[in-house]
Amino acid sequence: MYSMHLWFNSGGRLGTNAVSVDGGFPSFIPEEVKEIKDPFARALAQRIQRLPVKLQVGFSESCIMSSCVKPRFQRDTNPAVLLHCFDSSCLEWRRTYPLLEDAAVETWAIDILGWGFSDLERLPPCDAASKRYHLYQLWRTHIQRPMILVGPSLGAAVAIDFAVNFPEAVDKLILIGASVHVEGTGLLTKLPKFLAYAGVSLLKSLPLRLFANLLAFDDISLSTCFDWTNVGRLHCLLPWWEDATVNYMLSGGYNVVNQIKQVNKRVLIIWGECDNIVSNKLAVWRQFHISLGTKLQLPPLTPLCLCRHPGLQPPGRWARKGGIDRSRSKTLVFNSSCMLHKLQRLHSELPDATIRQIPDCGHLPHVEKPEMVARLIADFALSGTRKEEQNPIVLNSAGEKNTSSFIC
């Protein structure tokens, strides 16, 4: 048992309210959580609990004890429900969650079925349909109001799939670094099981997770990267994680390409300026088209127009102070072209969408730039409510750049 009290004043990086950590961790969290140094991960881990959710397992209906972080208060406004990325957990929201509470947003952080810290000893199916039904049952049993559903990366596909199938449960959508144009797990569905398990074991490995973090974040120290890697793989240490992940992989995963245009909700799209993950996915997509001899239409850009277009500045790590590393200009142009194409496509397919870009930020803005993301979520979630019901968030110290810039 321990007690720790952290305070960030109005000039600090993570809000005005204190973050207090008292007591131990839930017994179902792997022991390795004690080795994590990030105080916000430790604090949020102590708030994780399991709620009963009915789910069909085999020929019978059983109760899955499902992990989440519940809000400390209930408001008259609709709650924000935070999903997470592929193979992650609610700890992904460790730095943004307390800021949303400071902003008087009723906030849930949910573990998607098959990932996170739910009890899956009696393993249910973990395909997309089962994940959707599980989220619906959790909503119907415990939330019971239309929600602002927030999905980062693959979580955006989960959010779109859910909103189209259960529109009565969703008020608005927020998509962060959305990975929604990838058509499922593809050829991985045809892998023999022993190869699938071998690949999943590699997915859990520290070197691969560390490399993914280096790609995902724009500018963090190596020690922070190691610690955040341990946070991100903590749920992989549960005994059923491999079975659940293989089950998802062989099922085909999420394919929401044809569902995007069916979304009839207000949508906020948040994008990191230096998102290398989505750009790299698009690069693979383009190479696939080249190998087939087909054409992928992307807007023609040059390094010169990148500098002049306010919404298309080169990625921060290559172009600080507005300059361009000419040795990497082709990569810059290609990745920025891919990102613009991705944004334009998603924006055009959604009937009522707004885009906000976060400067100097990678694929996970809610981890890397929590103040900005919390402000965008709070403003979007509370829009239409009376001002006296909204508590302000302190985002950045004076003199820093605006929290976001318009692309469209």
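Residues numbered from 1 in each chain as written. Predicted model: local features only at pLDDT ≥ 70, side-chain atom pairs only at ≥ 80, totals over all residues. Heavy atoms only, no water.

Caption draft 1: Fine view of the overall build of the protein chain. Counting secondary structure elements, the protein chain contains 13 helices and 11 strands. Out of the 408 residues in the protein chain, the part that is buried amounts to 56%. As displayed, the protein chain offers around 18,000 Å² of accessible surface, 54% of which is attributable to carbon and sulfur atoms. (Helix = DSSP H or I, 4+ residues; strand = E, 2+ residues; numbered from the N terminus. Buried < 20%, exposed > 50% of the residue type's maximum accessible area, 1.4 Å probe, protein only. Areas by Shrake-Rupley, 256 points an atom, 1.4 Å probe, with all protein chains shown as cover.)

Caption draft 2: Here's a closer look at the environment of L135. Along the chain, L135 falls in helix α3 (residues 128-143). Sequence-wise, L135 and V158 are 23 residues apart; in three dimensions their C-alpha atoms are separated by 9.6 Å.

Caption draft 3: View of the environment of L195. Position of L195 among the secondary structure elements: in helix α5 (residues 193-204). Between the C-alpha atom of L195 and that of V246, which follows or precedes it by 51 residues, the distance is 9.9 Å.

Caption draft 4: Fine view of the confidence of the model for the protein chain. Mean pLDDT for the protein chain: 77, with 72% of residues reaching 70 or above. Note that residues 1-22 has pLDDT below 50 and, in this model, 53 contacts with residues that lie over four places away or in other chains. pLDDT under 50 marks residues 386-408. Its contacts with residues more than four places away, or in other chains, come to 48 contacts. (pLDDT = per-residue confidence, 0-100. Contact = heavy atoms within 4.5 Å.)

Caption draft 5: The arrangement of the packing of aromatic side chains in detail. What the rule picks out here adds up to eight aromatic pairs. Pairing F86 with W115 gives two aromatic rings, centres 5.3 Å apart and planes at 75°, and the pair type is edge-to-face. Here F86 is found in the loop between β5 (80-82) and α2 (97-102), whereas its partner W115 is found in the loop between β6 (107-110) and α3, with 29 residues between them in sequence. Here Y136 and W139 contribute two aromatic rings whose centre-to-centre distance is 5.7 Å and whose plane-to-plane angle is 35°, an arrangement assigned as tilted. Placement of the pair is Y136 and W139 together in helix α3, with a separation of three residues, close to one helical turn. Classification of Y136 by relative accessible area gives buried; the value is 16%. (Phe/Tyr/Trp six-rings, centres within 6.5 Å; stacked < 30°, edge-to-face > 60°.)

Caption draft 6: Looking closely at a nonpolar patch on the surface. On the surface, a nonpolar cluster with roughly 340 Å² of combined accessible area is contributed by L206, L214, L222 and F226. Breaking the nonpolar patch down by element, the ones donating at least two residues are α6 (206-216) and α7 (222-232). Within the element layout of this structure, L222 appears in helix α7. (Patch = residues over 30% accessible without salt bridge, like charges linked within 9 Å, V, L, I, M, F, W, Y side chains within 5 Å. Salt bridge = Lys/Arg side-chain N within 4 Å of Asp/Glu carboxyl O.)

Caption draft 7: Region of interest: the pairing of strand β7 (residues 147-152). Extensive coverage of β7 is indicated by the burial of six of its six residues. Pairing of β5 with β7, which is carried by three bridges, proceeds in the parallel orientation. Paired with A80 across the bridge in β7 is I148. Bridge analysis of β7 against strand β8 (residues 170-176) gives six bridges, and the strand direction is parallel. The residue bridging G151 from the neighbouring strand is L175, located in β8. What joins β7 to β8 is helix α4 (residues 154-165), and the crossover it makes is right-handed. (Pairing = 2+ DSSP bridges. Right-handed = clockwise from strand over helix to strand, strands pointing away.)

Caption draft 8: Molecular detail of the nonpolar core. Core analysis: the biggest nonpolar cluster contains 51 residues, and L149, F162, L173, L175, V180, I269 and L350 have the highest contact counts within it. At eight residues, the largest contribution of residues to this core is made by α4. Contact partners of F162, with chain neighbours within four places excluded, come to R132, L135, Y136, M147, L149, P167, A169 and V170. In terms of nonpolar packing, the next biggest core, distinct from the first, is built from 49 residues, L91, I174, I358 and A374 among them. (Core = buried A, V, L, I, M, F, W, Y, C linked by side-chain atoms within 4.5 Å.)

Caption draft 9: Inspection of the pattern of salt bridges at higher detail. Scanning all chains against the criterion turns up 10 salt bridges. Residue R345 pairs with E349 through a salt bridge whose shortest N-O separation is 3.4 Å. With a gap of four residues between them, R345 and E349 both fall in helix α11 (residues 329-349), about one helical turn apart. One salt bridge connects D379 with R375, and the closest N-O pair in it is separated by 2.8 Å. Placement of the pair is D379 and R375 together in helix α13 (residues 370-382), with a separation of four residues, close to one helical turn. Judged by its relative accessible area of 39%, D379 is partly exposed. Ionic contacts of the salt-bridge type, sharing partners, join the residues R47, R72 and E101 into one network.

Caption draft 10: Broad picture of α3. Under the 1.5 Å per step criterion, the end-to-end length of α3 is 21 Å for 16 residues, consistent within 8% with the ideal 22 Å. Considered for burial, the residues of α3 that qualify are A128, S130, K131, H134, L135, Y136, Q137, L138, W139 and I143. Capping the start of α3, D127 holds a side-chain oxygen 3.1 Å from the backbone nitrogen of A129, two or three residues further along. One or two steps after α3, the chain reaches Q144, where phi turns positive at roughly 65°. (Expected span 1.5 Å × (residues − 1). Polar contact = N/O pair within 3.5 Å; in protein donor to acceptor, adjacent residues only side chain to side chain.)

Caption draft 11: Geometry of the packing of α5 against α6. It is the contact of α5 with α6, at a shortest axis distance of 5 Å, that shows an interaxial angle of 60°. Looking at the two axes, α5 sits oblique to α6. Across the interface between the two elements, L202, L203 and K204 of α5 pack against L206, L208 and R209 of α6. Per-class residue counts for the contact of α5 with α6 are four nonpolar, no polar and two charged. (Axes fitted to C-alpha atoms, helices over the stretch in contact; angles between N-to-C directions. Parallel < 35°, antiparallel > 145°, perpendicular 65-115°, else oblique. Nonpolar A, V, L, I, M, F, W, Y, C, P; charged D, E, K, R; others polar.)

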